[in-house]
Amino acid sequence: MTSEKGNVIVLTGASGGIGRALALELAQPGTYFALIARDADRLQPILQEVCAKGASGEVAAIDIRERAQLHDYLLDLDARHPVDVVIANAGVTAGLGPDRTRESDADCERLTEINYQGVVNTVTGIVDAMQKRGRGQIVLISSLAGMRALPDMPSYSATKAAVIAYGHSLRGWLKPFGVSVTIICPGFVTTPMSARHKGSKPFEMNAEKAARLMRRAMERRKAFFAFPFVLALGIRLQNLLPPVLGDLFMGGFAADIEADPRYSAGSENPSNDSKSD
């Protein structure tokens, strides 16, 4: 992941959960971070933590849905510190309504705008520069739910599947230009976002262990990495079954998803930022 001038990493969703764990896992002398999330107050302590490990960097309070603002920032950043790695990690979750009624329109739109369009906004803000330089790495954080949709999380699963498809397309386009693409699909990781998932969470692991596995996949420039292995293998095998049998397999993943306090009552409060992606 390291260029001849050091290692400049853009990380979205950096204010907590997997984002914070990834920043700390990747921090080392010579690494420069651009930590992006909506809440600058939550980003500053994380920047201090990575600096304590010998890295350096800056923070940017940006909502990744704001494409123009994000692109302007990434253009300026790349002019000052040519970006080596961009990790599109920011994401949110939601599920069915009370008594298994349909998802709210607001939740559907929010997941689409953040989990998919936000990823596209992040990549398109930096990919031209990487393509021209002939080097770089794009890392997309999806989910095992993108490999096999969860019945209680339709839009979340759909947006994570879209990220996988987008990543495969990017890889085919950018490989001849020297830019690699790594798609990462974590399973259940202990974070504030995961805590709102009230249901079975097999093979759940802490964010620090997940970050170590992600770092290794990035260092090896894996095209696709899904974990934990046993659960990912089960999903791959299940996808080979006829749908009527595959649906039986998914019965054990029923869950209720508590409302995200950051978006309750139609309000959005960055100070409540607790995203895991």
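Per chain, residue numbering runs from 1 following the sequence as it is written. Side-chain atom pairs in this predicted model are given and counted only at pLDDT of 80 or more, local residue features only at pLDDT of at least 70, and totals for whole chains, interfaces and linings cover all residues. For the side-chain quantities, the full set of heavy atoms in the structure was used; hydrogens and water were omitted.

This part is about the overall build of the protein chain. Helix and strand labels come from DSSP, where a helix needs a run of H or I of at least four residues and a strand needs a run of E of at least two; each type is numbered from the N terminus. The secondary structure content of the protein chain amounts to ten helices and eleven strands. Residues counted as buried form 53% of the 277 residues belonging to the protein chain. Here a residue-residue contact requires only that any non-hydrogen atoms of the pair lie within 4.5 Å. Considering only contacts within the protein chain whose residues lie at least 6 apart along the sequence, 72% involve residues at least 24 apart. Taken as a whole, the protein chain presents about 11,800 Å² of accessible surface, with 55% of it coming from carbon and sulfur. Throughout this description, buried means an accessible area under 20% of the type-specific maximum (1.4 Å probe, protein chains only), exposed means over 50%, and partly exposed covers the range between. Only the protein chains shown count as cover for residues, and the accessible areas themselves come from Shrake-Rupley with a 1.4 Å probe.

The next subject is the pairing of strand β1 (residues 7–12). Counting buried residues in β1 gives six out of six residues, a clear majority hidden from the surface. Taking every second residue as pointing to the same face, both faces of β1 are buried, with N7, I9 and L11 on one and V8, V10 and T12 on the other. Strand pairing is defined by DSSP finding a minimum of two bridges between the two strands. Across six bridges, the pairing between β1 and strand β2 (residues 31–37) is parallel. Of the residues in β2, the one forming a bridge with L11 is L35. By convention a crossover is right-handed if, when the strands point away from the viewer, the path from the first strand over the helix to the second runs clockwise. Crossover β1 to β2 through helix α1 (residues 17–26) is right-handed. The pairing of β1 with strand β4 (residues 85–88) spans three bridges and is parallel.

A 1.4 Å probe that fits but cannot get out identifies a cavity on a 1 Å grid over protein atoms alone, an open set with protein on both sides within 12 Å along at least five of seven lines counts as a pocket, and a residue lines either if it has an atom within 4 Å of a point. Grid points are joined across faces, edges and corners, and a volume is the space filled by probe spheres set on the points. Quantified by volume, the second largest pocket comes out at close to 150 Å³. Of all the elements in the fold, those that place two or more residues in the lining of the second largest pocket are α3 (67–80) and α5 (127–133). At five residues, the largest contribution of residues to the lining of the second largest pocket is made by α3. The class makeup of the residues in the lining of the second largest pocket is five nonpolar, three polar and three charged. When residues are sorted by character, Ala, Val, Leu, Ile, Met, Phe, Trp, Tyr, Cys and Pro go into the nonpolar class, Asp, Glu, Lys and Arg into the charged class, and all the rest, Gly among them, into the polar class.

It is worth spelling out the confidence of the model for the protein chain at this point. Looking at any residue, its pLDDT shows the predictor's confidence there, from 0 to 100. In this model, the protein chain carries an average pLDDT of 89, and 86% of its residues clear a pLDDT of 70 or more. Below pLDDT 50 for its whole length, residues 271–277 participates in 35 contacts with residues either more than four positions away or in separate chains.

Ring geometry is summarised as follows: Phe, Tyr and Trp rings, the Trp one being its six-membered ring, pair when their centres sit within 6.5 Å, and such pairs are stacked at plane angles under 30 degrees, edge-to-face over 60 and tilted between the two. Applying the stated rule across the entire model yields two aromatic pairs. Aromatic side chains Y116 and Y166 sit 6.0 Å apart centroid to centroid with 85° between the ring planes, which places their arrangement in the edge-to-face category. You can see Y116 sitting in helix α4 (residues 105–124) and its partner Y166 sitting in helix α6 (residues 154–174), a full 50 residues away along the chain. Classification of Y166 as buried rests on a relative accessible area of 16%.

To define a nonpolar core, start from buried Ala, Val, Leu, Ile, Met, Phe, Trp, Tyr and Cys residues and group those joined through side-chain atoms within 4.5 Å. Ranked by internal contacts, the top residues of the largest apolar core, which has 39 residues, are V10, I36, Y73, L77, V123, I138 and L140. Non-local contacts of L140, meaning those with residues more than four positions away in its chain, are made with A88, V119, V123, V163, Y166, G167, L170, T182, I183 and I184. In this structure, L22, A23, L26 and I46 belong to the second largest nonpolar core, which totals 33 residues.

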